[in-house]
2 protein chains.
Amino acid sequence: MQQSASIPIRDISFKQLKAACSTCTLQELCLPVGMSLEELAQLERLVNQGVKVKKGEALYRAGEPFKSLYAIRTGFFKTVVLSEDGREQVTGFHMSGELMGLDAISTENHTCHAIALEDSEICEMPYQRLEDLCRAIPALQRHLYKVMSREIVRDHGVMMLLGNMKAEERLAAFLLNLSQRFAARGYSASGFHLRMTREEIGSFLGLKLETVSRTLSRFQDEGLITVQNKYIELKNLTGLKTMLSGCAGNQA
Amino acid sequence: MQQSASIPIRDISFKQLKAACSTCTLQELCLPVGMSLEELAQLERLVNQGVKVKKGEALYRAGEPFKSLYAIRTGFFKTVVLSEDGREQVTGFHMSGELMGLDAISTENHTCHAIALEDSEICEMPYQRLEDLCRAIPALQRHLYKVMSREIVRDHGVMMLLGNMKAEERLAAFLLNLSQRFAARGYSASGFHLRMTREEIGSFLGLKLETVSRTLSRFQDEGLITVQNKYIELKNLTGLKTMLSGCAGNQA
DNA sequence: CGAACCCTTGAGTCGGTTCAAAGCAGGTGG
DNA sequence: CCACCTGCTTTGAACCGACTCAAGGGTTCG
């Protein structure tokens, strides 16, 4: 869905244009930050924008050879690492504009599963070519380093959460983090639909699903939130914030 | 070592020679992997090799502006993130050849403290110049991406540890990981000196210091290890390994 | 030699897990 | 369009692993 190096931008068909980085509303959240139009065009040329992943399906699985990084256009994913004896740990939930697959760069193989939690559409970026392009476009190189660094910072936040916080605090931090990320995408910060099950939340937060359920119920009793199945409304943001009276913050 | 493009080798003083990347025994663990002699010389030119950090001192602190990445030449560090209400979480222990400061790339400020656990010597690499050099040296660019990716994988291992494992398993995984990393540096895999306190181990593993102490004592009673204050000897590697019957593995 | 810090061990407590049962929601096929 | 079925969620009761509190001994370093 993109053109060769010799064909000018305007030859892009409407459908392609719609999907292209230069018109993508996620530009500021995704990879092409601070790039010129000319540079954007170069990036577009290597992006495969059409990949669809149905709910429940894997974008990639641990052990598969690493070929590409993936940016989420629409949809919602979880990433899961597995221990040898079969235990699963959800390492993150990922929404539009976020990059997945960074962990695979080190080993040339994916180290986790990326599972769609709803029907999703993703942009595939062949890593080899992306790396080459980074050398040509300093802004791209810099931004990819930043994105990876941000993932490291996020992971440290999760460690703080798992290592230091009580169940209540973990849930509060989790809800506030989701809220903030939805808001950054133009959705409501106070009401949203959870795409994941209680068990997946629990796996991410180091809790059992029953504890997640109980804690949400308690939050509701306390008037902090309302819960209707998977729809959550945050009723008292400051209450939630004081609940986790201090924690690094970004965790998912 | 080698020369800048224009200055011949022999102009470099002995002291500089001693510390240079091209003669460094940590080459294969550190940043200059797969680089030519010519490229090594370029890297050396930007590295400030003399930085000493005394036990207990900070190489950098959370909030400080980000200027450089740091490679450990000799010594041992912990990195610590802080929550707003003052809780501390040790996010890792770092030994020779490892890079620190990657988390700061995203925000232009350090997000954690790096504290020396013994007198240490580090190589400072101004990030701006390093980034520029990455564009000129593909092997360097690629390796820096890999190092960051490896840090992400490591963090996911810690999440598995904190989210899924029992105290015994965490300790076993911790000891085995240290063992492996000492071995990779030519030290004994079965006997080593812990540089950190029980409390720091506990902070890293999401346990209280009493639990760390008790669990080490139990391991000793079971003949898995011997403990003499901070000196640990692993007596039964397979026993330790079966203890954590499966977990992603690399965590610190 | 003293002071500060670190480590060990014990006893009691508690937050979160485990086990169990019942209610609900959403999707599928008849 | 309804009935069923599967998977998800809620809630209760009992249990247990790790934490808290406390005391004593050891180590290190000035």
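Just so we're clear, the structure is a prediction, and the values are computed from it rather than from any experiment. (Residues numbered from 1 in each chain as written. Chains lettered and ligands numbered in written order. Predicted model: local features only at pLDDT ≥ 70, side-chain atom pairs only at ≥ 80, totals over all residues. Heavy atoms only, no water.)

K.L.:
Give a description of the relation of the copies chain A and chain B that names residues and reports values.
P.N.:
Each copy superposes on the other: chain A lies on chain B with an RMSD of 0.0 Å after a rotation of 180° and an axial shift of 0.0 Å. Here the transformation between the copies is reduced to the relation of a two-fold axis. Identified as the residue of chain A closest to the rotation axis by C-alpha distance is Arg 135 of chain A, at 2.5 Å. Mapped onto chain B, 100% of the interface residues of chain A again fall at the interface, so both copies present the same surface. (Least-squares fit on C-alpha atoms with pLDDT ≥ 70 in both. Contact = heavy atoms within 4.5 Å.)

K.L.:
Residues and numbers for the interface of chain A and chain B, please.
P.N.:
Between chain A and chain B, the residue contacts involve 49 residues of the former and 49 residues of the latter. Carbon and sulfur atoms supply 57% of the area that chain A and chain B bury against each other, a total of about 4600 Å² over both sides. Considering only the side of chain A, the residues that lose the most area to chain B are Arg 87, Tyr 145 and Met 159 of chain A, jointly responsible for 17% of the buried surface there. For the interface between chain A and chain B, the tally reads six salt bridges. With a shortest N-O distance of 2.7 Å, Arg 142 of chain B and Glu 131 of chain A are connected by a salt bridge. Connecting chain A to chain B are 28 residue pairs in polar contact (both at pLDDT 80 or more). (Buried area = accessible area lost by both parts, 1.4 Å probe. Salt bridge = Lys/Arg side-chain N within 4 Å of Asp/Glu carboxyl O. Polar contact = N/O pair within 3.5 Å; in protein donor to acceptor, adjacent residues only side chain to side chain.)

K.L.:
Run through the sheet that holds strand β3 (residues 68-74) of chain A, naming residues and quoting values.
P.N.:
Within the open sheet, the four strands sit side by side as β1-β8-β3-β6 (chain A). Their pairing is antiparallel. Edge positions in the sheet fall to β1 (48-53) and β6 (99-100) of chain A, since each of these pairs with one other strand and no more. (Pairing = 2+ DSSP bridges. Helix = DSSP H or I, 4+ residues; strand = E, 2+ residues; numbered from the N terminus.)

K.L.:
Which residues make up the pattern of salt bridges, and what are the values?
P.N.:
Here the structure, examined in full by the defined rule, presents 26 salt bridges over all chains. Residues Asp 85 of chain A and Arg 87 of chain A are paired through a salt bridge, measuring 3.2 Å at the closest nitrogen-oxygen approach. Residue Asp 155 of chain B pairs with Arg 154 of chain B through a salt bridge whose shortest N-O separation is 3.2 Å. Taking relative accessible area as the criterion, Arg 154 of chain B reaches 9% and is therefore assigned buried. Salt bridges sharing partners connect three or more residues here, namely Asp 85 and Arg 87 of chain A together with Glu 169 of chain B. (Buried < 20%, exposed > 50% of the residue type's maximum accessible area, 1.4 Å probe, protein only.)

K.L.:
Can you break down the packing of helix α2 (residues 37-46) of chain A against helix α3 (residues 127-136) of chain A residue by residue, with the values?
P.N.:
All names here are of chain A. Across the interface, α2 lies against α3 with an axial gap of 10 Å and an inter-helix angle of 165°. The angle between α2 and α3 falls in the class roughly antiparallel. In this structure, the crossing between α2 and α3 has a hand that is right-handed. Residues Gln 42, Leu 43, Arg 45 and Leu 46 of α2 touch α3, and the partners they reach there are Arg 129, Leu 130 and Leu 133. (Axes fitted to C-alpha atoms, helices over the stretch in contact; angles between N-to-C directions. Parallel < 35°, antiparallel > 145°, perpendicular 65-115°, else oblique. Left-handed = near helix turned anticlockwise from the far one by under 90°.)

K.L.:
Mind laying out the protein's contact with DNA strand D, listing which residues take part and the relevant values?
P.N.:
Around DNA strand D there are 19 residues in total, and Arg 198, Ser 213 and Ser 217 of chain A together with Ala 167 and Thr 211 of chain B lie nearest to it. The sugar and phosphate moieties of DNA strand D supply 65% of its atoms located within 4 Å of the protein. At 2.8 Å from a phosphate oxygen of DNA strand D is found a side-chain nitrogen or oxygen belonging to Arg 198 of chain A. The separation between a phosphate oxygen of DNA strand D and a polar side-chain atom of Ser 217 of chain A is 2.6 Å. Contributing elements (two or more residues each) for the surface near DNA strand D: α7 (209-221) of chain A together with α7 (209-221) of chain B. It is α7 of chain A that contributes the most residues to the surface near DNA strand D, five residues altogether. Among the residues making up the surface near DNA strand D, the classes are represented as four nonpolar, seven polar and eight charged. (Near = heavy atom within 4 Å. Nonpolar A, V, L, I, M, F, W, Y, C, P; charged D, E, K, R; others polar.)

K.L.:
An account of the UniProt feature "domain: HTH crp-type" (unreviewed entry) in chain A is needed here, citing residue identities and associated values.
P.N.:
Taking the numbering used here, the UniProt-annotated feature "domain: HTH crp-type" (unreviewed entry) corresponds to residues 165-238 of chain A. Between the end C-alpha atoms of residues 165-238 of chain A the distance is 18 Å, and the span holds 55% helix and 15% strand. (UniProt positions renumbered as here; feature names shortened; annotations may be inferred.)

K.L.:
Which residues make up helix α6 (residues 198-205) of chain A, and what values go with them?
P.N.:
Residues and elements named next belong to chain A. Extensive coverage of α6 is indicated by the burial of seven of its eight residues. For α6, the full list of buried residues reads Arg 198, Glu 200, Ile 201, Gly 202, Ser 203, Phe 204 and Leu 205. Taken together, the buried residues of α6 touch β4 (76-82), β5 (88-95), α4 (138-164), α5 (167-184), α7 and β10 (225-228). Once α6 ends, the next one or two residues include Gly 206, with phi positive near 70°.

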